[in-house]
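Structural overview for review
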Amino acid sequence: MNFRPLHDRVLVRRIEAEEKTRGGIIIPDTAKEKPQEGEVIAVGAGTLNDKGEIRPLDVKAGDRILFGKWSGTEVKLDGEDLLIMKESDIMGILTGTAEAKKAA
């Protein structure tokens, strides 16, 4: 994919929610909410501080994140539905994932 977000923007792929509840009940598509968890695909260079220096973003490609329900702008790139959002829309980075455990 040939896309690089600008400044403090982040490109995110939503991670689909489970099809069943813990009790085994299957959730129909009409009752599902859009997931608020995603994987960072690409990040911008950062923002300028008061001194004119670039402050890099706290997230990086590959991070699993949580974001607000109405965060970001939906776009379609290479046939895939993605989100572009500002770093400030991200609530946090999930650290309990398998990828994070490998890095630690």
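Residues numbered from 1 in each chain as written. Predicted model: local features only at pLDDT ≥ 70, side-chain atom pairs only at ≥ 80, totals over all residues. Heavy atoms only, no water.

As recorded in an unreviewed UniProt entry, the protein goes by Co-chaperonin GroES and comes from Roseomonas nitratireducens. The annotation that UniProt attaches to the protein under Subcellular location (unreviewed entry) is "Cytoplasm". (UniProt positions renumbered as here; feature names shortened; annotations may be inferred.)

Here we come to the pattern of salt bridges. Taken as a whole and assessed by the stated rule, the structure comprises 8 salt bridges. Measuring nitrogen to oxygen at the nearest pair gives 3.6 Å for the salt bridge that ties arginine 14 to glutamate 74. One end of the pair, arginine 14, is in strand E1 (residues 9-14); the other, glutamate 74, is in strand E6 (residues 73-77), and 60 residues separate them in sequence. Of the residues examined, arginine 14 reaches a relative accessible area of 18% and is grouped as buried. Under the relative-accessibility criterion, glutamate 74 is labelled exposed at 51%. For lysine 60, the salt bridge goes to aspartate 63, with nearest N and O atoms at 3.1 Å. Several salt bridges share partner residues, and in doing so they unite Arg13, Glu39 and Glu80 into one network. (Salt bridge = Lys/Arg side-chain N within 4 Å of Asp/Glu carboxyl O. Helix = DSSP H or I, 4+ residues; strand = E, 2+ residues; numbered from the N terminus. Buried < 20%, exposed > 50% of the residue type's maximum accessible area, 1.4 Å probe, protein only.)

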